[in-house]
Amino acid sequence: MRRLEQYVSAGGKRLRCGYTTGTCAAAATRAATDLLLGGACEPAVVVSVPAGIDVVVEVEHRRSEMGWACCAVRKDAGDDPDVTDGVLVYARVSRSDDSGVTIDGGEGVGRVTKAGLDQPVGAAAINSVPRAMIADAARASAREHGYGGGLDVVISIPAGVELARRTFNPRLGIVGGISVLGTTGIVRPMSEDALVQAIAAELGVLRAAGARHVLVVPGNYGLVYARDALGLDVRDAVTCANYLGATVDEAVRLGFTSMRLVGHLGKMIKVAGGVMNTHSRVADCRAEVFAAHAALVGASREVVQAIMEAPTTDAMAEVLRGADLLDETMASVMHRLGDVLVARAGDGMHVDVTVFSGNESWHVQKGPAPVDINPL
């Protein structure tokens, strides 16, 4: 397999980039179209990707019969922990009586069953940018071989049937396989854009189904607490990871009128400090925010110093509990947290926030009254 020798820095490491499934589908299409129209294809094909570069992708499978040809390339995700790394992506190309290039999905490519995604209900889960790349690859080959007729392209990823269980696809209403994705054609390892796009897609599906109110949790701690301690229905909960700001922005853009947020103190204390990407490499103001609010409610210098020296927010809470200032401090924190979220959301969204630590929790509501709210 020919590797893409393009690198990015992430987390202090030099990581190799890879190809999206869209790039693989386009490369397989180019090879299959060459084989169909010219009777042969090169060991590797060149594909122009939206990132503005040409990539060389090796062809691992070739087969042709009367009227059609099929080729496959192997997905190389670089150093990204992508579940599709190493799978074969097939393109079967055949001549058509219709004009232009038609694109569909075969085995292992999911079908869209819910509105709100990039493709309409019933279509193969091949997003718009990969569709354009596939069509461009087929047309480029047709021009070189002097062919002016139509072409039908079917993309298949046989391993996708099993892999789909390890993706967000079932929750998004994509059944039977994985999605063919990619906006640049290049996989950037540990891409924040990819994670934010997944969150946006999940919000889009909920909104298209008529939801106006959304439950958001940063991760499994929040999910379990929302379900077990608060008794909330978590089946449609959206996990925002570290990207709460981007999640709020997208929810507002889509027209959600209220957000219920349930999170552990360790992340939510950062948000109270105005941090909307809570990853530790971006910011860690936990002690500073806690100490500031403790000082506001009258904590002594010794208590503030103990907070600053505590290793975790749970330990900071213990310091305040010992000084009989925890609830008063948390009331100040929650007031500020609500203000920060409402400022981010603007005037159009009600926010309802629960923060927990151990067996204790604190709650605040801010913003306009929710419209037609249903219990979450």
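Read on for a plain summary of the structure.

Conventions we followed
- Throughout, a residue's number is its position along its own chain's written sequence, starting from 1.
- Residue-level local features of this predicted model are given only where pLDDT is at least 70; pairs of side-chain atoms are given and counted only at 80 or more, and the full residue set underlies all totals for whole chains, interfaces and linings.
- Hydrogens are left out, water is left out, and the side-chain values use all remaining heavy atoms of the structure.
- Only protein atoms enter the 1 Å grid used here. Points where a 1.4 Å probe fits but cannot escape make up a cavity, open sets with protein on both sides within 12 Å along at least five of seven lines make up a pocket, and a residue lines them when an atom lies within 4 Å of a point.
- Grid points are joined across faces, edges and corners, and a volume is the space filled by probe spheres set on the points.
- Just so you know the grouping, Ala, Val, Leu, Ile, Met, Phe, Trp, Tyr, Cys and Pro go in nonpolar, Asp, Glu, Lys and Arg go in charged, and all remaining residues, Gly too, go in polar.
- A helix here means a DSSP run of H or I that spans at least four residues, while a strand means a run of E at least two residues long, and both kinds are numbered starting from the N terminus.
- One fewer than the residue count of a helix, multiplied by 1.5 Å, yields its expected span.
- Burial classes: relative accessible area under 20% of the type maximum marks a residue as buried, over 50% as exposed, and values in between as partly exposed (1.4 Å probe, protein chains only).
- A contact between two residues is defined here by any heavy atoms of the two lying within 4.5 Å.
- Geometry is summarised by axes, namely lines fitted to C-alpha atoms with helices restricted to the contacting stretch, and by angles between N-to-C directions that run from 0 to 180 degrees.
- Roughly parallel means an angle under 35 degrees; roughly antiparallel, over 145; roughly perpendicular, 65 to 115; everything else is oblique.
- As used in this record, nonpolar core signifies buried Ala, Val, Leu, Ile, Met, Phe, Trp, Tyr and Cys residues forming a set joined through side-chain atoms within 4.5 Å.
- Polar contact is the term for a pair of N or O atoms within 3.5 Å; when the atoms are in protein, one must be able to donate a hydrogen and the other to accept it, and sequence-neighboring residues count only if both atoms are side-chain atoms.
- Note on pairing: two strands pair once DSSP finds at least 2 bridges between them.
- Whenever a carboxyl oxygen of Asp or Glu lies within 4 Å of a side-chain nitrogen of Lys or Arg, that contact is scored as a salt bridge.
- Ring geometry is summarised as follows: Phe, Tyr and Trp rings, the Trp one being its six-membered ring, pair when their centres sit within 6.5 Å, and such pairs are stacked at plane angles under 30 degrees, edge-to-face over 60 and tilted between the two.
- Counted as over-ring charges are cases with an Arg CZ or a Lys NZ within 6 Å of the ring centre that also lie within 35 degrees of the ring normal.

In this section: empty space enclosed by the protein. One pass over the full model with this rule turns up two cavities of 30 Å³ or more. There is about 30 Å³ of room inside the second largest cavity. Residue lining of the second largest cavity: Pro218, Cys240, Ala241, Asn242, Leu244, Lys267, Met268, Val271 and Thr278, and that is the complete set. Its residues placed into classes, the lining of the second largest cavity shows six nonpolar, two polar and one charged.

Okay, helix α2 (residues 128-144) next. Between its first and last C-alpha atoms α2 spans 25 Å; for 17 residues at 1.5 Å apiece the expected length is 24 Å, and the two agree. The set of residues buried in α2 consists of Pro130, Arg131, Met133, Ile134, Ala135, Ala137, Ala138, Ala140, Ser141 and Ala142. Packed against the buried residues of α2 are α1 (21-38), β4 (44-48), β9 (101-105) and β12 (150-156). Looking one or two residues past α2, Gly146 carries a phi angle of roughly 65 degrees, positive in sign.

One way to put it is that helix α8 (residues 265-272) packs onto helix α9 (residues 286-296) with a least axis distance of 9 Å and a crossing angle of 70 degrees. As judged from the angle between their axes, α8 and α9 are roughly perpendicular. Across the interface between the two elements, Leu265, Gly266, Ile269, Lys270 and Ala272 from α8 touch Arg286, Val289 and Phe290 from α9. Tallied by class, the residues present in the contact of α8 with α9 amount to five nonpolar, one polar and two charged.

Take the nonpolar core next. Membership of the largest hydrophobic core comes to 51 residues, with the highest contact counts inside it found for Leu244, Met330, Leu337, Leu341 and Val355. For this core, the leading source of residues is helix α12 (residues 326-345), giving eight residues. In this structure, Met330 is in contact with Leu265, Phe290, Val355 and Trp362, ignoring residues within four places of it in sequence.

Our next topic: the environment of Lys366. Its location among the elements puts Lys366 in strand β20 (residues 360-366). Residue Lys366 is classed as buried on the basis of its relative accessible area of 17%. As a C-alpha pair, Lys366 and Met349 span 17 residues in sequence and 8.8 Å in three-dimensional space. Discounting chain neighbours no more than four positions away, the residues touching Lys366 are His335, Gly338, Asp339, Val342, Met349, His350 and Val351. A polar side-chain atom of Lys366 sits 3.2 Å from the main-chain carbonyl oxygen of His335.

This brings us to the sheet that holds strand β17 (residues 238-239). Across the sheet, which stays open at both edges, the five strands sit in the order β17-β16-β18-β19-β20 with mixed pairing between neighbours. Both outer strands of the open sheet, β17 and β20, are each paired with one neighbouring strand and no more. The pairing of strand β19 (residues 350-357) with β20 spans seven bridges and is classified as antiparallel. Bridging from a neighbouring strand, Val351 pairs with Lys366 of β20. Running over the sheet, helix α7 (residues 244-254) touches β16 (213-217) and β18 (258-264) and is turned about 165 degrees from β18.

Next up on the list: the layout of surface pockets. One water molecule sets the probe size; rolling that probe over the atoms shows where empty space is left. Looking at the largest pocket, its volume works out to about 1,500 Å³. Residue lining of the largest pocket: 49 residues in total, with Leu181, Ala194, Leu195, Gln197 and Ala198 positioned closest to the centre. Only α2, α4 (169-172), β15 (186-187), α5 (192-208) and α7 provide two or more residues apiece to the lining of the largest pocket. No other element matches the eight residues that α5 contributes to the lining of the largest pocket. Class assignment of the residues belonging to the lining of the largest pocket gives a composition of 22 nonpolar, 18 polar and nine charged.

Right, let's talk about the pairing of β4 for a bit. On a regular strand, each side chain points to the face opposite its neighbour's, so the side chains alternate between the two faces of the sheet. Alternating positions in β4 separate cleanly, Val45 and Val47 being buried on one face and Ala44, Val46 and Ser48 remaining unburied on the opposite face. Bridge analysis of β4 against strand β5 (residues 54-58) gives five bridges, and the strand direction is antiparallel. Residue pairing for β5: Ala44 is matched across the bridge by Glu58.

We now examine the pattern of salt bridges. This model, assessed by the stated rule, comprises 18 salt bridges. For the salt bridge of Asp233 with Arg235, the shortest nitrogen-to-oxygen distance reads 2.6 Å. Overall, the relative accessible area of 34% leaves Asp233 in the partly exposed class. Look at Arg235 and you get exposed, because its relative accessible area is 67%.

Next up on the list: the environment of Met330. Following the sequence through the fold, Met330 ends up in helix α12. Overall, the relative accessible area of 0% leaves Met330 in the buried class. Remark: the alpha-carbon pair of Met330 and Pro218, spanning 112 residues in sequence, is separated by 19 Å.

Another aspect to go through is the packing of aromatic side chains. Each aromatic ring pair is described using two quantities: the centre-to-centre distance and the angle formed by the ring planes. Evaluated as defined, the whole model comprises one aromatic pair. Ring centres of Tyr225 and Phe356 lie 4.1 Å apart, and the angle between their planes is 0 degrees; on these two criteria the pair is classed as stacked. Separated by 131 residues along the polypeptide, Tyr225 in helix α6 (residues 220-228) and Phe356 in strand β19 bring together distant segments of the chain. Phe356 matches Tyr225 in its accessibility class, with the two residues each being buried. Here Arg92 stacks its cationic end above the ring of Trp68, 4.3 Å away from the centre of that ring.

The strand order across the open sheet built from five strands is β6-β7-β8-β12-β9, with neighbouring strands paired in mixed fashion. This sheet does not close on itself; its edge strands, each paired only once, are β6 (61-65) and β9. Sheet twist, expressed as the average angle between the axes of neighbouring strands with direction ignored, equals 15 degrees. Pairing analysis gives five bridges linking β6 to strand β7 (residues 68-74), with the strands arranged antiparallel. Counted as the bridge partner of His61 is Ala72 from β7. Contacting β9 and β12, α2 runs over the sheet at an angle of about 135 degrees to β9.

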